Amino acid sequence: MNRIAKLTPVLRPSGRAAGIAMAMLGAVLFSAKAIVVKFTYRYGIDAVTLIAFRMLFAMPFFAAVAWHQSRLAARGEIVALTAKERLQVCVLGLLGYYLSSFLDFLGLRYITASLERLILFLSPSLVVLLSAFWFKRPIERRQWMAMVLSYAGVVLVFAHDLSFGGGSEVLLGSLFVFGSAASYSVYLICSGELIKRIGPTRLVAYAMLVSCVACIIQFFLVHPASMLIQPIGVYGYSIIHATLNTVVPVFMLMWAVSLIGAPTASLLGMVGPVSVLFLASWFLDEPITVWQMAGTALVLAGVFALMGGCAGGRGSAAQGGAPPPR
């Protein structure tokens, strides 16, 4: 026992360091999705085809996890899902993973990767606003200030992108991505109690499978089967998108949350917009300007203030949770 006690202080920092590293790398991989999407769009495909290929290649991984979880439930090691919970999982999968991702991909056709990531980071503020509306929760002065900072940052970058022309496209793309953020925010609010009962691993696996099926059905409703034949580059980018930008960061963030907690993992996730700013400049030749840096700083300051409140104990599980694979 004494030997174990002596080893514990050594193991804890390494576990925390691993959690921090996984949270940050997972956030970067999630955010880099926008870069891969932009590259894939160069082949002339639409959002329906893009998201269908992503889900097609990601589905086997989530199916394996879902099968393992179902085996545990069959053996009585974890609670079995009720009929109501199965319906909730289906609705959340369609809302949080299918609709949110589809709107996000639509928006990326028209706006820069940097602006897309900043708009998605409005989700915490939308959770606060929607919770105040639905559950009559008062909004504190600190939360109002945080939201003002976040929205001011997005408006700054939005105005900057408008100045480069294509005003109607920037507006349309921003509305699509804002719809994605709103859909994700509703998912966060509605998934809180369900996560507590069935766990995040099962929820992600089952809901992602629902989303995969929905995306594939949509593809065949919109396109003929011959559209499955695409240039080799589409397959390559889709595999990267499905694995490095979806499956890998999902489990990285799950492990990070188990090691350092959801609030800390969420705060470290703020490295995402910063990474996209530089990745987009490197790979897509998107300019880095003072206005973009200032807007990014304002958005991150607002998110930090909101998440800081959650970490202090008043935030919900949904608000402090790690983001899903969008």
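Model, not experiment: these values are computed from the prediction.

Chemist: How would you sum up helix α12 (residues 271-284)? Please name residues and give values.
Modeler: Given a rise of 1.5 Å per residue, 14 residues ought to cover 20 Å, and the 19 Å separating the end C-alpha atoms of α12 matches this to within 8%. Taken residue by residue, α12 has Gly272, Pro273, Ser275, Val276, Leu277, Leu279, Ala280 and Leu284 as its buried positions. At the C-terminal side of α12, aspartate 285 shows a positive phi close to 60°.

Chemist: Hey, could you go over empty space enclosed by the protein for me, with residue numbers and the actual values?
Modeler: Enumeration over the complete set of coordinates arrives at two cavities of 30 Å³ or more. Estimated volume of the second largest cavity: approximately 40 Å³. Lining the second largest cavity are Val36, Val37, Thr40, Leu50, Tyr237, Ser238 and His241. Contributing elements (two or more residues each) for the lining of the second largest cavity: α2 (33-41) and α10 (232-260). Among the residues forming the lining of the second largest cavity, the class breakdown is four nonpolar, three polar and no charged.

Chemist: Give a detailed account of the nonpolar core, specifying residues and quantitative values.
Modeler: Of all hydrophobic cores here, the largest spans 64 residues; its most connected members are Val89 and Leu203. When contributions to this core are tallied by element, the ones reaching two or more residues are α1 (2-31), α2, α3 (47-74), α4 (83-107), α8 (167-198), α9 (200-222), α10 and α12. Once residues within four sequence positions are removed from consideration, valine 89 is found in contact with Leu81, Leu194, Ile198, Leu203, Tyr206 and Ala207. Core analysis: the next-biggest nonpolar cluster, separate from the first, contains 18 residues, Leu115, Phe121, Val157 and Ala181 among them.

Chemist: Quick one: what's the story with the confidence of the model for the protein chain, residue by residue and with numbers?
Modeler: Of all residues in the protein chain, 89% attain a pLDDT of 70 or more, and the chain-wide mean is 86. At the level of individual helices and strands, the protein chain shows its lowest average pLDDT in helix α14 (residues 317-320), which scores 40, and its highest in α2, which scores 95. Between residues 1-12, whose pLDDT stays under 50, and residues either more than four places distant or in other chains, the model counts zero contacts. Below pLDDT 50 for its whole length, residues 311-324 participates in 28 contacts with residues either more than four positions away or in separate chains.

Chemist: Outline the pattern of salt bridges, supporting the account with residue identities and numerical values.
Modeler: Under the definition given, this model contains six salt bridges. The residue arginine 75 makes a salt bridge to glutamate 77 at a minimum N-O spacing of 2.8 Å. Accessibility expressed as a relative area gives 52% for glutamate 77, which makes it exposed. A salt bridge links lysine 196 to glutamate 193; the nearest nitrogen and oxygen atoms lie 3.4 Å apart.

Cut-offs used in this document
- Residues numbered from 1 in each chain as written.
- Predicted model: local features only at pLDDT ≥ 70, side-chain atom pairs only at ≥ 80, totals over all residues.
- Heavy atoms only, no water.
- Helix = DSSP H or I, 4+ residues; strand = E, 2+ residues; numbered from the N terminus.
- Expected span 1.5 Å × (residues − 1).
- Buried < 20%, exposed > 50% of the residue type's maximum accessible area, 1.4 Å probe, protein only.
- 1 Å grid on protein atoms, 1.4 Å probe; cavity = no way out; pocket = protein on both sides within 12 Å on 5 of 7 lines; lining within 4 Å.
- Points joined across faces, edges and corners; volume = space filled by probe spheres on them.
- Nonpolar A, V, L, I, M, F, W, Y, C, P; charged D, E, K, R; others polar.
- Core = buried A, V, L, I, M, F, W, Y, C linked by side-chain atoms within 4.5 Å.
- Contact = heavy atoms within 4.5 Å.
- pLDDT = per-residue confidence, 0-100.
- Salt bridge = Lys/Arg side-chain N within 4 Å of Asp/Glu carboxyl O.

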